[in-house]
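Structure at a glance
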Amino acid sequence: LDLDIEDRILADVLQKKIDETESYNLTNLKLPERRKRNYDFWRGDQLNEAEFETWQVPHKNNLIWQDLEHRIAIAAGRMPDIIVTPADNTDEKKKSARSFEKILDIKVKNDVTKRIMKDGLRDLHNELTAAVKVRWDKIRGEFTYELVRPGKFGVDFTATIPHDGFTADNAE
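Residues numbered from 1 in each chain as written. Predicted model: local features only at pLDDT ≥ 70, side-chain atom pairs only at ≥ 80, totals over all residues. Heavy atoms only, no water.

Once that is clear, we can look at the overall build of the protein. When its secondary structure is counted, the protein shows 5 helices and 2 strands. Written out in order from the N terminus, the α and β elements of the protein read α-α-α-α-α-β-β. Relative to a compact globule of 172 residues, whose C-alpha radius of gyration would be 16 Å, the protein shows 22 Å and is clearly more extended. Along the first, second and third principal axes, the C-alpha atoms of the protein reach 80 × 45 × 35 Å. Here the protein holds 172 residues, and 16% of them are scored as buried. Long-range pairs, those at least 24 residues apart, make up 48% of the contacts in the protein between residues at least 6 apart in sequence. Per element, the accessible surface of the protein, about 13700 Å² overall, is 55% carbon and sulfur. Both charge centroids of the protein, one from 29 positive and one from 33 negative side chains, sit 5 Å from each other. (Helix = DSSP H or I, 4+ residues; strand = E, 2+ residues; numbered from the N terminus. Rg over C-alpha atoms; globule rule 2.2 N^0.38 Å. Buried < 20%, exposed > 50% of the residue type's maximum accessible area, 1.4 Å probe, protein only. Contact = heavy atoms within 4.5 Å. Areas by Shrake-Rupley, 256 points an atom, 1.4 Å probe, with all protein chains shown as cover. Lys, Arg positive; Asp, Glu negative; His and termini not counted. Charge placed at Lys NZ, Arg CZ, Asp CG, Glu CD.)

Below, the structure is given as structure tokens:
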């Protein structure tokens, strides 16, 4: 990527966009308050015992936690199928595509990836944003998947989200 602008100007423009988005999230979306409320409900901390009468006993049966964890287990238990299509239909390319498909299927459908997906789905519910970073690990010689903490990234509030979903490929 080569931009024909000075680094200082680019850094200023990016910082301005970050500040605008953080301000919008704080004032318009009220994300910190909503995130705290989501975590409180998820942990079962929604009762204010100071408001109870002396004869009342606090009782917590956290159905929200049970429901969320059940939905997350179902969603992460059904990882998508990997389909690799060769560029041309020669027998050698088809065989290579099937081999690569099996390798990717093993990599995506392992316990570590399922745990990362579960954590990401929990973040999506509680934090209202989630991201998984895929990167090449030079030491192990393979792709690794890492959960990105929601406080470490942001989404520009002016970005257009296409009808077919929000991915890095089809968003502004």
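Moving on to the pairing of strand S2 (residues 142-148). Pairing analysis gives 7 bridges linking strand S1 (residues 131-137) to S2, with the strands arranged antiparallel. Among the inter-strand pairings, Asp137 is bridged to a residue of S2, identified as Glu142. Hairpin connection between S1 and S2: a loop of 4 residues separates the two successive antiparallel strands, and Gly141 in this loop has a positive phi of roughly 70°. (Pairing = 2+ DSSP bridges.)

Together, Leu1, Leu3, Ile5, Ile9 and Val13 make up an exposed nonpolar region whose accessible area comes to about 510 Å². Mapped onto the fold, Val13 is located in helix H1 (residues 7-27). Given the relative accessible area of 45%, Val13 is considered partly exposed. (Patch = residues over 30% accessible without salt bridge, like charges linked within 9 Å, V, L, I, M, F, W, Y side chains within 5 Å. Salt bridge = Lys/Arg side-chain N within 4 Å of Asp/Glu carboxyl O.)

Time to look at the pattern of salt bridges. As enumerated under the stated definition, the model contains 17 salt bridges in all. Its salt-bridge partner being Arg122, residue Asp119 comes within 2.9 Å of it at the nearest N-O pair. A residue pair is termed a helical-turn pair when its members lie 3 or 4 positions apart in one helix, as Asp119 and Arg122 do in helix H5 (residues 111-127) at 3 residues. Residue Asp119 is classed as partly exposed on the basis of its relative accessible area of 25%. Through salt bridges with shared partners, a single ionic network connects Lys36, Asp40, Arg43 and Asp45.

Here we take up a positive patch on the surface. A grouping of Lys94, Lys95, Arg98 and Lys102 is seen on the molecular surface, where their side chains present a positively charged patch. Position of Arg98 among the secondary structure elements: in helix H4 (residues 91-108).

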